[in-house]
Amino acid sequence: MKFCSACGQPVIQRVPDGDSRQRYVCEHCQTIHYQNPNIVAGVLPTWGSQVLLCRRAIEPRRGFWTLPGGFMENGETLDQAARRETVEEACAQVGSMSLYQLFDLPHINQVHVFFRAELLDLDFDVGIESLEVRLFEEDEIPWDELAFRTVTRTLECYYRDRIGQAFPVGHEYLPPMNVTSTT
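About the thresholds
- Residues numbered from 1 in each chain as written.
- Predicted model: local features only at pLDDT ≥ 70, side-chain atom pairs only at ≥ 80, totals over all residues.
- Heavy atoms only, no water.
- UniProt positions renumbered as here; feature names shortened; annotations may be inferred.
- Helix = DSSP H or I, 4+ residues; strand = E, 2+ residues; numbered from the N terminus.
- Phe/Tyr/Trp six-rings, centres within 6.5 Å; stacked < 30°, edge-to-face > 60°.
- Buried < 20%, exposed > 50% of the residue type's maximum accessible area, 1.4 Å probe, protein only.
- Lys NZ or Arg CZ within 6 Å of the ring centre and 35° of its normal.
- Pairing = 2+ DSSP bridges.
- Contact = heavy atoms within 4.5 Å.
- Core = buried A, V, L, I, M, F, W, Y, C linked by side-chain atoms within 4.5 Å.

Colleague: Which residues make up the UniProt feature "domain: Nudix hydrolase" (unreviewed entry) in the protein chain, and what values do they have?
Modeller: In the numbering used here, UniProt assigns the "domain: Nudix hydrolase" (unreviewed entry) feature to residues 34-159. Across residues 34-159, helical content stands at 19% and strand content at 40%; the span's end C-alpha atoms are separated by 39 Å.

Pasting the structure below:
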């Protein structure tokens, strides 16, 4: 950040009074510019024993499979964000949603939140951010072609929990894999 979004003057980095972290501060208008993590909201949509996955049409990880999800927008709830992303990526509608998995990814300043939900019907299609959308049985999941570790972990937890039909909310910290990997 180079300029204040409030007044247009240059910003500096310093620890503001009463704070413990370095922030961008405008010395002209005294605005402190906080930078906070982005929230990714997604859905694990199911139909019976099948899971709906989308093949990504956008970077990062174009061509890889993922659960419907994306960045939460200002002015929407987690539920609204997850449903919007499911419509955008899979043209799919889901019923009531249950909070299922949360992932802390501080190395990329993100928190990923996934809900479990049943598809309302089989009226899904390729959305604007997808190349392909389809239902998979567990033994058909393209594990080596999943786009993100959070998607892999969510699916692993789902198939583990599905055995006993108990779906507790999970919360994991996922450290960086290495310098060249993506989450």
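Colleague: So what's going on with the packing of aromatic side chains? Residues and values would help.
Modeller: A complete count under the given rule lists 6 aromatic pairs for this structure. Each ring, one from Tyr158 and one from Tyr159, has its centre 5.2 Å from the other, and the planes form 65°; the classification is edge-to-face. You can call Tyr158 buried: its relative accessible area is 4%. An aromatic cluster is present here, built from Tyr100, Trp143, Tyr158, Tyr159 and Phe167 joined pairwise through their rings. Positioned over the ring face of Phe136 is Arg134, at 3.9 Å from the centre of the ring.

Colleague: If you had to explain the pairing of strand S9 (residues 110-119) to someone new, which residues and values would you point to?
Modeller: Taken across its 10 residues, S9 has 7 buried, putting it largely inside the fold. Two strands pair when backbone bridges link them, and strand S8 (residues 94-105) and S9 are joined in this way by 9 bridges, in the antiparallel orientation. Its bridge partner lying in S9, Asp104 is registered against Val111. Here S8 folds back onto S9, and the loop between the two strands holds 4 residues, one of which, Asn109, carries a positive phi near 55°.

Colleague: Just give me the short version of the environment of Leu44, but keep the residues and values in it.
Modeller: Checked against the element boundaries, Leu44 lands in strand S4 (residues 38-47). The spacing of Leu44 and Arg61 is 17 residues in sequence and 19 Å in space, taken between C-alpha atoms. Those residues in contact with Leu44, other than ones at most four positions away along the chain, are Val51, Leu67, Phe115, Arg116, Ala117, Thr154, Leu155 and Tyr158.

Colleague: Break down the nonpolar core for me, with residues and values.
Modeller: As a rule of thumb, soluble globular proteins bury nonpolar side chains together. Ranked by size, the top nonpolar core spans 21 residues in total, and within it Val51, Leu53, Leu67 and Leu155 carry the most contacts. Elements supplying a minimum of two residues to this core: strand S5 (50-56), S8 and helix H2 (149-164). With 5 residues, the single largest contributor to this core is H2. Filtering out sequence-adjacent residues up to four positions away, Val51 remains in contact with Leu44, Pro45, Thr46, Leu67, Arg134, Leu135, Phe136, Leu155, Tyr158 and Tyr159. Membership of the second largest hydrophobic core comes to 16 residues, among which are Ala90, Val113, Val133 and Leu135.

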